[in-house]
Structure formats: structure tokens, C-alpha cells
Amino acid sequence: MRWLTFDLDGTLADWPFRHLMRPHMEPLLAQPTIRAALREEYLNRLAQGDPTRIYDWGDIHQAVRKKLGLPPIFPNLLEVLAEARFEHGMVYPDVPTGLAAFRSQGYRIAVATNGLAKYQQILVNKLAIPYDRMLAPDISQALKPDPAFWHLVQGDSVERIVHVGDLLSQDVWGANAADLVAVWIWRTMPEDWRATPVKERTRRPDLNPVIEARVHSELEEHGFVGRVRPQSPPRPDYIVADLHELQAVLTGIA
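Quick look at the structure, then. (Residues numbered from 1 in each chain as written. Predicted model: local features only at pLDDT ≥ 70, side-chain atom pairs only at ≥ 80, totals over all residues. Heavy atoms only, no water.)

### Some remarks on the packing of aromatic side chains
- Within the structure shown, the criterion is met by 8 aromatic pairs.
- Relative to W186, the ring of W184 lies with its centre 4.7 Å away and its plane at 10°, an arrangement referred to as stacked. Here the two residues W184 and W186 agree in accessibility, since each one is buried.
- Taken together, Y42, Y55 and W57 form an aromatic cluster joined through their ring pairs.
- Above the face of the Y107 ring, R2 is positioned so that its terminal group lies 4.3 Å from the ring centre.
- Over the ring of W193 we find R204; its NZ or CZ atom is 4.0 Å from the centre of that ring. (Phe/Tyr/Trp six-rings, centres within 6.5 Å; stacked < 30°, edge-to-face > 60°. Buried < 20%, exposed > 50% of the residue type's maximum accessible area, 1.4 Å probe, protein only. Lys NZ or Arg CZ within 6 Å of the ring centre and 35° of its normal.)

### Some points on the sheet that holds strand β4 (residues 160-165)
- Strand order in the open sheet made by the 6 strands is β3-β2-β1-β4-β5-β6, with parallel pairing throughout. The sheet is open, and its two edges are formed by β3 (133-135) and β6 (238-240), each paired on a single side. Between one strand and the next, the sheet's axes are offset by a mean angle of 25°, whatever the strand orientation.
- As defined by bridge partners, strand β1 (residues 2-6) adjoins β4 across 5 bridges and the pair is classed as parallel. Note that in β4 the partner of L4 across the bridge is V162.
- Lying on the sheet, helix α11 (residues 243-253) is in contact with β1, β2 (107-112), β4, β5 (181-185) and β6; it crosses β6 at an angle near 150°. (Pairing = 2+ DSSP bridges. Helix = DSSP H or I, 4+ residues; strand = E, 2+ residues; numbered from the N terminus. Axes fitted to C-alpha atoms, helices over the stretch in contact; angles between N-to-C directions. Contact = heavy atoms within 4.5 Å.)

### Overview of the pairing of β4
- Summarising burial for β4: 6 of the 6 residues are buried, a large majority.
- In β4, alternate side chains face the same way, and those of R160, V162 and V164 on one face and I161, H163 and G165 on the other are all buried.
- Note: β4 against β5, 4 bridges, orientation parallel. The residue bridging V164 from the neighbouring strand is V183, located in β5.
- Between β4 and its parallel partner β5, the chain crosses via helix α8 (residues 168-177), and the hand of that crossover is right-handed. (Right-handed = clockwise from strand over helix to strand, strands pointing away.)

### Brief notes about the nonpolar core
- If you look at the biggest cluster of nonpolar residues, it comprises 31 residues, and the most contacted ones within it are L4, F6, L12, L99, F102, L243 and L246.
- Secondary-structure elements contributing two or more residues to this core are β1, α5 (95-104), β2, α6 (117-126), β4, β5, β6 and α11.
- Ignoring anything within four residues of it in the chain, the contact list for F6 reads T11, L12, L99, F102, I109, A110, V111, A112, H163, V164, L243 and L246.
- In terms of nonpolar packing, the next biggest core, distinct from the first, is built from 29 residues, W3, V210, L219 and A241 among them. (Core = buried A, V, L, I, M, F, W, Y, C linked by side-chain atoms within 4.5 Å.)

So, in C-alpha cells, the structure goes:
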């Protein structure tokens, strides 16, 4: 058995949860007190380390509402998700044909997200992304980059697991820790990098400063969501711009 595990946001789709919630949350986030309280609640949960609570935005909203003594101003996430209609292009254009090709080659597909399955399964189904299993903190009881996140697809009968994701601090660090094939998908890859053959990208002398800058930016935005921060920087085995390039990688390691 061979598994391909894919991050969702920034890998298979263009941050659908964020797009969906933006019109509901922008007026609230424009209020400094509410914005600061949401950030504080998120960081407190991050420090506490319970993987099922860190990204439970519905529960975060309710905690902030009670703390600030607000009326019920936050959206009901499950209702918003149930009513969601997504514009064309939310799923990246290479994804439908790419996933179909991987499945025809014998790979099983897992959506591997740090968002809670109770929210993300609704999104993935509405986006018509085919998958065999979902990995999420309320299923795995772990968050990327904790190697335990992947335990449900590991076992003696598994020949290979390739993890593909856009965040070095979660996807690549996690794949490194779990001893998976780590593929960094860099959808905004500059043209000079695209011109470099896929197998040569990890040998470019300017890779280290790129990784350092990206990790710094990611940690500024998301914080470190693991239990113990690795001592070494994340090291992708391959760097691809899209699933077409991933197909060439998989052919090379078959």
C-alpha cells in the first residue's frame, strides 16, 4: 500500500475556510479589542497543546464572546459551512486530474489538515476533492508537525508515504519527523526556481535562506504548533510547483 497525504489549504485548494469566513469576520476583526482577544485565545490554546482545541474556531469564538461579554455576534460555523457555495477556481486547476492520475497509479489519497475534521470534511466534500481517508487533529489526536499525526496510515503493509504540503513549519518538519518522503509544494514559486529541474532544486545554494525566511514568516503568523521544535531546519526531499511536477517526482521514485 502506498499513501499520498496532502495538506488542504495552499496545497489542494486556495484557503477555502478563510475565503468563506472573511465576509463574516472582517467587520469583527476590524475591532482591535476583538482581534486581540481572538489572537490571545489562540496563543493560549497553542501553549496548552491540546490538538483538538487549537483550531476549533467555533469554540474560540464562544470563549472570546463570553470573555468580552459580547452578544452572539460570531457566525455559526456549521451553518455557514452547510450553506457554502464555492466559486470556480477554489480548487487549484491541477488537482482533479492530478489526484485521478495518482489513484490510477495505485496511491491512496489522504487529506491531511490541521483544521478540525468536523469543519474540513464539509469543505472537502463540497469542493468534490476525492480522498480515501482524512487525517485531522480530532481524528489523529495530533497536529502536524507531530509525527503521531500520521499514525493511522502507517503500518507493516504500507510501502511508502509521501506527504505534500505548503507549510515548511508544519508539513515538511512533520514529514521529516515521521520519516516520510517530504514534498514542499511552492505554488508561488518564482520563475528562476521553476526553470531549475525538480531534482536539482534541493541542491540550490540559495535554498537555505529561502527556507529560513519562510519558516520565520510562518511562525510569525501561525506560531509553532508542535510539542518540541526541531533543532534542524525543515528539509524537503523534493520541491514542486504543482501536482504535474509531483507526478514526475513519483514516477522517479516508483
